[in-house]
Amino acid sequence: YLQENEETFSRKPVEQARICLVMADLPPTSRNVGVVPDDPASDGWELVAREYATAAAEAKHALGCLQAASEKIRTAEDRRRMQEEQDLTELVYRTFLACANTVEFLRTRRVWEKDKKASDLERMREIARAERENAAAAIPIYARSRWLDPALRLDGRFRPAEEMLREKIAWLDRFLQ
């Protein structure tokens, strides 16, 4: 995931930052990705999850503002432009939500792997269901606004967004069975 020509949380130039988009585990501490929590006893991942969740909530609020403003649009061209803005903003919301869900899932899995408590496994399933819904809701965005699809980018080789999202949904479905 590249953000402003850099890998998320990275200090490396983009030419050096080519990694898999799948996050299988969290590093031992968020310090490994440059996020230092205020509490030295914390591993920092709760802070990362909370920040992603806050960013998602703010983007969702911005989307609501755009939707409210769209009621005042008069021309077809302005409607088209507003739809692009809404799609971009919804994609930002869904991306931050996916990041929050991923970090929270991996945090919960870490605890579950130690204790094997049913409540932790159920929390993982709850997060997986929420992320499945989030991923499915992102698919129509790419159909409406093809320019957002990473497959069209020139700075890398990416599979089409819908294909990646459908694979993610299939993986989540296998986990939820």
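Parameters at a glance
Counting restarts for each chain: residues are numbered from 1 in the order of the written sequence. Selection of residues for local features in this predicted model requires a pLDDT of at least 70, selection of side-chain atom pairs for listing and counting requires 80 or more, and totals for whole chains, interfaces and linings are taken over all residues. Note that the side-chain values use all heavy atoms of the structure and ignore hydrogens as well as water. Here an angle of 0 to 180 degrees is reported between the N-to-C directions of two axes, which are lines fitted to C-alpha atoms, with helices fitted over the stretch in contact. In DSSP terms, a helix is any run of H or I states spanning at least four residues, a strand is any run of E spanning at least two, and both are numbered starting from the N terminus. For classification purposes, angles smaller than 35 degrees are called roughly parallel, those larger than 145 roughly antiparallel, those between 65 and 115 roughly perpendicular, and all remaining angles oblique. Each crossing gets its handedness from the near helix: less than a right angle anticlockwise from the far helix is left-handed, clockwise is right-handed. Only Asp, Glu, Lys and Arg are considered charged in this grouping, and only Ala, Val, Leu, Ile, Met, Phe, Trp, Tyr, Cys and Pro are considered nonpolar; every other residue, Gly among them, is considered polar. For every residue, the accessible area obtained with a 1.4 Å probe (protein chains only) is divided by the maximum for its type, and the residue is called buried under 20%, exposed over 50%, and partly exposed between those limits. Each patch groups residues whose relative accessible area exceeds 30% and which form no salt bridge, using 9 Å between like charges and 5 Å between nonpolar side chains of Val, Leu, Ile, Met, Phe, Trp and Tyr. Per-residue and other accessible areas follow the Shrake-Rupley method at a 1.4 Å probe size, with only the shown protein chains counted as cover for residues. For salt bridges, the criterion is a side-chain nitrogen of Lys or Arg within 4 Å of an Asp or Glu carboxyl oxygen. Take the buried Ala, Val, Leu, Ile, Met, Phe, Trp, Tyr and Cys residues and link them wherever side-chain atoms come within 4.5 Å; each set so joined is a nonpolar core. We call two residues in contact whenever any of their non-hydrogen atoms come within 4.5 Å of each other. In this scheme Phe, Tyr and Trp rings, the latter by its six-membered ring, pair at centre separations within 6.5 Å, and the angle between planes marks the pair as stacked below 30 degrees, edge-to-face above 60, and tilted otherwise. Either the NZ atom of lysine or the CZ atom of arginine qualifies as a charge over a ring when it sits within 6 Å of the ring centre and within 35 degrees of the ring normal.

This next bit is on the packing of helix H1 (residues 45–70) against helix H2 (residues 76–115). Relative to each other, H1 and H2 sit at 160 degrees, their axes nearing to 8 Å. Considering their axes alone, H1 and H2 lie roughly antiparallel with respect to each other. Note on packing geometry: the crossing formed by H1 with H2 is left-handed. For the contact of H1 with H2, the residue count by class is 20 nonpolar, four polar and seven charged.

Another aspect to go through is unusual backbone geometry. A positive phi angle, close to 55 degrees, is found at lysine 116, a residue other than glycine. Secondary-structure assignment places lysine 116 in the loop between H2 and helix H3 (118–144). On the accessibility criterion, lysine 116 (51% relative accessible area) is exposed.

A separate point is a nonpolar patch on the surface. Taken together, Leu88, Val92 and Trp147 make up a surface patch of nonpolar side chains, about 260 Å² in accessible area. By relative accessible area, tryptophan 147 is classed as partly exposed at 46%.

Moving on: the pattern of salt bridges. The final tally for this structure, using the stated rule, is 19 salt bridges. A salt bridge links arginine 94 to glutamate 90, with the shortest nitrogen-to-oxygen separation between them at 2.9 Å. Linking arginine 94 with glutamate 90, this pair stays in helix H2, spanning four residues, or about one helical turn. Residue glutamate 90 is classed as buried on the basis of its relative accessible area, which comes to 14%. A salt bridge links arginine 144 to glutamate 90; the nearest nitrogen and oxygen atoms lie 3.8 Å apart. With a gap of 54 residues between them, arginine 144 in helix H3 and glutamate 90 in helix H2 connect regions that are remote in the sequence.

Let us look at the nonpolar core. If you look at the biggest cluster of nonpolar residues, it comprises 14 residues, and the most contacted ones within it are Trp45, Val48, Tyr52, Val103 and Phe105. Of all the elements in the fold, those that place two or more residues in this core are H1, H2 and H3. Apart from the residues lying within four places of it in its own chain, the contact partners of tryptophan 45 are Leu26, Pro27, Pro28, Thr29, Ser30, Val33, Val103, Arg107 and Arg110. Of all hydrophobic cores here, the second largest spans ten residues; its members include Ala138, Leu148, Ala161 and Ile169.

At a minimum axis distance of 9 Å, the contact between H3 and helix H4 (residues 161–176) shows a crossing angle of 160 degrees. What the angle tells us is that H3 and H4 run roughly antiparallel. Seen along the crossing, H3 lies across H4 with a hand that is left-handed. Side by side, H3 and H4 meet where Leu121, Met124, Arg125, Ala128, Arg129, Glu131, Arg132, Ala135, Ala136, Ala138, Ile139 and Tyr142 of the first sit next to Ala161, Glu162, Leu165, Arg166, Lys168, Ile169, Leu172, Asp173, Phe175 and Leu176 of the second. Taken together, the residues of the contact of H3 with H4 break down into 14 nonpolar, no polar and eight charged.

Among the structural elements, glutamate 58 can be located in helix H1. For the pair formed by glutamate 58 and valine 92, sequence separation is 34 residues and the distance between their alpha carbons is 9.9 Å.

A complete count under the given rule lists four aromatic pairs for this structure. For the ring pair tyrosine 52 and phenylalanine 96, a centre distance of 6.2 Å and an interplane angle of 35 degrees mean the geometry is tilted. Taken together, the residues span a long stretch of sequence, with tyrosine 52 in helix H1 and phenylalanine 96 in helix H2 at a distance of 44 residues. Ring geometry for tryptophan 171 against phenylalanine 175: centres 6.2 Å apart, planes inclined by 10 degrees, an arrangement best described as stacked. Of this pair, tryptophan 171 and phenylalanine 175 both sit in helix H4, four residues apart, which is roughly one turn of that helix. The class for tryptophan 171 is partly exposed, based on a relative accessible area of 44%. Chaining the aromatic ring pairs together yields one cluster made of Phe105, Trp171 and Phe175. Just above the ring of tryptophan 112 sits the side chain of lysine 116; from NZ or CZ to the centre is 4.0 Å.

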